[in-house]
Amino acid sequence: MPVRFLLSALFAGVLSLPMSALGATGVYSEGHADISVRMNGNQLELGINMLGAIIDGNLFDGFVSFSDILLYVPDSTLEPRPANFPGVLDFDPIGIGEGEDMYRLPASGTEAITLGAPFFGFGTYLLNSADFVGSIVFQLVDVVSPPGGEFALYQDAFPGPTFYMTTADGISAADKLQLPAGAHDHFNFVFTKDGIYDLGFSVTATHRQFGQLTASGRLSAGVTTTVPEASSMLLASVA
């Protein structure tokens, strides 16, 4: 039985547990979580904030480091790359041609539930907006991907999609997302091949008292069949 269906069947019976109960790296397969930043003393800290995320069959809330989870992208997210429309729609930054297969974690919570996939976003809501000047900048630093694999982050917008990060043209200072402190938003996370992706991020912010602060981290994402341990970890947790 696919992991997503087993998780959905168990969802009503799981209890919300503190992240301290997570222990070693777990598979994040459904529910809401965000790449987030918070203050830890006078330092900036980059990680994942769980807001009802299913990790190995259990529901979790709280802030964890990137190394605590593996983001699972199920095969239900597989779809053809949309077509371009001259002067309006341009999906070429994804790095594959029209109609070619890609895996997309959706920006819509309703669609994520339908697909049995993570509802993943970015958040700065753990920061006090009064303490910061200007935007909080999330930067894509580097990506290690399977052969031929590309990563992209975009939002559907009018008249066409807005891309914030893409590896198709290399990684540069343009691969960034800016949010005000105290904000929260969701995006389409696209992977063009199955396999394990290692995504390097940094975040920069200007604190009114401590000046410019930075933090960094690496997030692992497993796309579809490359994470067979997801089902065994889930069954172990159920047992």
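Residues numbered from 1 in each chain as written. Predicted model: local features only at pLDDT ≥ 70, side-chain atom pairs only at ≥ 80, totals over all residues. Heavy atoms only, no water.

Section: the pairing of strand 5 (residues 69-73)
On a regular strand, one side chain projects to one face of the sheet and the next to the other, so that they alternate.
Right, so step 1: Most of strand 5 sits out of view: 5 of its 5 residues are buried.
Right, so step 2: Going residue by residue along strand 5, you find Ile 69, Leu 71 and Val 73 tucked away on one face and Leu 70 and Tyr 72 tucked away on the opposite face as well.
Right, so step 3: Here 3 bridges tie strand 2 (residues 26-40) to strand 5, and the two strands are oriented parallel to one another. When the bridges of strand 5 are listed, Gly 26 appears paired with Ile 69.
Right, so step 4: Judged from the 4 bridges that link them, strand 5 and strand 16 (residues 211-223) form a sheet pairing that is parallel. Bridge pairing links Tyr 72 to Gly 222 in strand 16. (Buried < 20%, exposed > 50% of the residue type's maximum accessible area, 1.4 Å probe, protein only. Helix = DSSP H or I, 4+ residues; strand = E, 2+ residues; numbered from the N terminus. Pairing = 2+ DSSP bridges.)

What about the pattern of salt bridges?
Right, so step 1: Applying the stated criterion across every chain yields a total of 6 salt bridges.
Right, so step 2: Its salt-bridge partner being Arg 218, residue Asp 142 comes within 2.7 Å of it at the nearest N-O pair. In this pair, Asp 142 sits in strand 9 (residues 132-144) while Arg 218 sits in strand 16, placing the two residues 76 residues apart along the sequence.
Right, so step 3: For Asp 142, a relative accessible area of 26% translates into the label partly exposed.
Right, so step 4: Linking Arg 218 and Asp 198 is a salt bridge whose minimum nitrogen-to-oxygen distance equals 2.7 Å. Within this pair, whereas Arg 218 is found in strand 16, its partner Asp 198 is found in strand 15 (residues 195-207), the two being separated by 20 residues in sequence.
Right, so step 5: Overall, Arg 218 belongs to the partly exposed group, its relative accessible area being 37%.
Right, so step 6: Each of the salt bridges in this network shares a partner with another, and the network as a whole consists of Glu 79, Arg 104 and Glu 111. (Salt bridge = Lys/Arg side-chain N within 4 Å of Asp/Glu carboxyl O.)

A few points about unusual backbone geometry
Right, so step 1: We note that Asp 56 has phi near 50°; this positive angle belongs to a residue other than glycine.
Right, so step 2: Within the secondary structure, Asp 56 sits in the loop between strand 3 (43-55) and strand 4 (58-64).
Right, so step 3: A relative accessible area of 14% places Asp 56 in the buried class.

Here we look at the nonpolar core
Right, so step 1: One finds Ile 35, Ile 48, Phe 122, Phe 138, Phe 189, Phe 201 and Leu 219 to be the most contacted residues of the largest nonpolar core, which totals 48 residues.
Right, so step 2: Looking at this core element by element, the count peaks at 6 residues for strand 3.
Right, so step 3: Residues within four places of Leu 219 in sequence aside, it is in contact with Ile 35, Ile 48, Phe 66, Ile 69, Leu 71, Phe 120, Tyr 197, Asp 198, Leu 199 and Phe 201.
Right, so step 4: In this structure, Ile 94, Met 102, Ala 152 and Val 190 belong to the second largest nonpolar core, which totals 8 residues. (Core = buried A, V, L, I, M, F, W, Y, C linked by side-chain atoms within 4.5 Å. Contact = heavy atoms within 4.5 Å.)

Focus on the sheet that holds strand 7 (residues 101-105)
Whether parallel or antiparallel, the strands of a sheet pair through hydrogen bonds between backbone atoms.
Right, so step 1: If you trace the 5 strands from one edge of the open sheet to the other, you get 6-7-14-10-11, paired in antiparallel fashion. Where the open sheet ends on each side, the last strands, each with one partner, are strand 6 (78-80) and strand 11 (162-166). On average, each strand axis in the sheet is tilted by 35° relative to the strand beside it, whichever way the strands run.
Right, so step 2: Bridge count for strand 7 against strand 14 (residues 188-191) is 3 bridges, and the pairing is antiparallel. (Axes fitted to C-alpha atoms, helices over the stretch in contact; angles between N-to-C directions.)

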